[in-house]
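Reading the structure
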Amino acid sequence: MIKLNNVHKRFGHLEVLKGIDLTVPKGEKLVIIGPSGSGKSTLIRCMNGLEEVTSGEVYIDGKLMTHKTRAALNRQYSSMVFQQFNLYPHLTVMENLTLAPMKLKKVSREEAEALAMENLRRVGLAQKAQVYPTTLSGGQQQRIAIARSLTMKNPVIYFDEPTSALDPEMVQEVLDIMIELGHDDVTMVVVTHEMGFAREVADHVVFCDGGYILEQGTPEHFFTNPEHERTRAFLSKILR
């Protein structure tokens, strides 16, 4: 579903990604871990076209992502759940969920609202359809953001540290929804520090540091016998 060939990304003189090769099969649940500043968020934003690569190639479902095609490919294939929710505060929850399907996919209002309610029920917030996001807790807002991503019915969902802005007691309610999504036939790419989620849901784990992928493999490999010294050092700190 996603393929990166020798991807580099610079911001001015700062090279953030330094030759990334990565393949994500359809339906795989990929978790990307690593220390702050390692390039994780830049990697996921290059994968879905929010950032244009400096050099290298990104393919989505076999289609090359270019400056001209990346917006269209993003709309067709991927949804994104951000750290900071990015809900429109002046729109109701229902309006937040139906805006993109109606504008980008030309879905009728009736169909969009029916699908939105289905996904609000899925995240346990159907009763909040007509309220405004600012009246909700952080955990509820992030669950609304996940429902919004599902309403687009795209085959890939990206999560960029979706629990990092939440109070500790709200983290699990969001992770529970993501764990449930792990049973769906959707490709998930998740940047996270939640190692319990990685153990339970991931098919494949990637460890980034310094703009490189230093190690990748199954959760069993990562959490029982990582090969790279830097991976072992990182996990020894985060798993305390």
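Residues numbered from 1 in each chain as written. Predicted model: local features only at pLDDT ≥ 70, side-chain atom pairs only at ≥ 80, totals over all residues. Heavy atoms only, no water.

1. A closer look at empty space enclosed by the protein
Counted only if it meets this: Using protein atoms alone on a 1 Å grid, points that fit a 1.4 Å probe yet trap it form a cavity, whereas open point sets bounded by protein on both sides within 12 Å along at least five of seven lines form a pocket; residues with an atom within 4 Å of a point count as lining. Grid points are joined across faces, edges and corners, and a volume is the space filled by probe spheres set on the points. Numbering of helices and strands starts at the N terminus; helices are DSSP runs of H or I of at least 4 residues and strands are runs of E of at least 2. Think of it as three bins: nonpolar holds Ala, Val, Leu, Ile, Met, Phe, Trp, Tyr, Cys and Pro, charged holds Asp, Glu, Lys and Arg, and polar takes everything else, Gly as well.
By the definition in use, this model includes one cavity of 30 Å³ or more. Here the largest cavity is characterised by a volume of approximately 40 Å³. Met47, Asn48, Ile60, Met65, Leu73, Asn74, Tyr77, Ser78, Val156 and Tyr158 are the residues that line the largest cavity. Of all the secondary structure elements, the ones that give two or more residues to the lining of the largest cavity are α2 (70-77) and β7 (156-160). The element contributing the most residues to the lining of the largest cavity is α2, with three residues. Classifying every residue of the lining of the largest cavity gives seven nonpolar, three polar and no charged.

2. Concerning the packing of aromatic side chains
Where we set the bar: Whether two aromatic rings pair depends on their centres lying within 6.5 Å, for rings of Phe, Tyr and Trp, where Trp uses its six-membered ring; planes under 30 degrees apart make the pair stacked, over 60 edge-to-face, and the rest tilted. Exposure classes here rest on a 1.4 Å probe applied to the protein chains alone. A residue is buried below 20% of its type maximum, exposed above 50%, and partly exposed in between. Throughout this description, the term charge over a ring refers to an Arg CZ or Lys NZ atom that lies within 6 Å of the ring centre and within 35 degrees of the ring normal.
Applying the stated criterion across every chain yields a total of one aromatic pair. Plain terms: the ring middles of Phe207 and Phe234 are 5.2 Å apart, the flat faces sit at 45 degrees to each other, and that makes the pair tilted. Placement of the pair is Phe207 in strand β9 (residues 204-209) and Phe234 in helix α9 (residues 229-238), with a sequence separation of 27 residues. Each of the two residues, Phe207 as well as Phe234, counts as buried. Across the ring face of Phe11, the terminal group of Lys9 is positioned such that the distance to the ring centre comes to 4.9 Å.

3. Some points on the sheet that holds strand β10 (residues 212-217)
What counts here: Paired strands are those between which DSSP finds at least two bridges. Between N-to-C directions, angles span 0 to 180 degrees; the directions come from axes that are lines fitted to C-alpha atoms, helices contributing only their stretch in contact. Any two residues whose heavy atoms approach within 4.5 Å are treated as being in contact.
Pairing in this open sheet of six strands is mixed, and the strands run β6-β7-β8-β3-β9-β10 from one edge to the other. Two strands in the sheet have a free side with no partner beyond their single neighbour: β6 (78-81) and β10. Taken pair by pair, the neighbouring strands of this sheet meet at an average axis angle of 20 degrees, ignoring direction. Here helix α1 (residues 40-47) sits on the sheet and contacts β3 (29-33), β6, β7, β8 (187-191) and β9; the angle it forms with β7, its principal contact strand, is near 155 degrees. Packed on one face of the sheet, helix α5 (residues 138-151) meets β6 and β7 and runs near 175 degrees to β6.

4. Structural notes on the sheet that holds strand β2 (residues 14-24)
The four strands lie next to each other as β2-β1-β4-β5, forming an open sheet whose pairing is antiparallel. The open sheet has two edge strands, β2 and β5 (63-64), and neither has a second partner. Sheet topology note: the strand β4 (residues 55-60)/β5 ladder contains two bridges and is antiparallel. Note on β5: the bridge partner recorded for Ile60 is Lys63. On the sheet, α1 packs against β1 (2-11), β2 and β4 and is oriented at approximately 60 degrees with respect to β2.

By themselves, these are just geometric observations and shouldn't be taken as functional.
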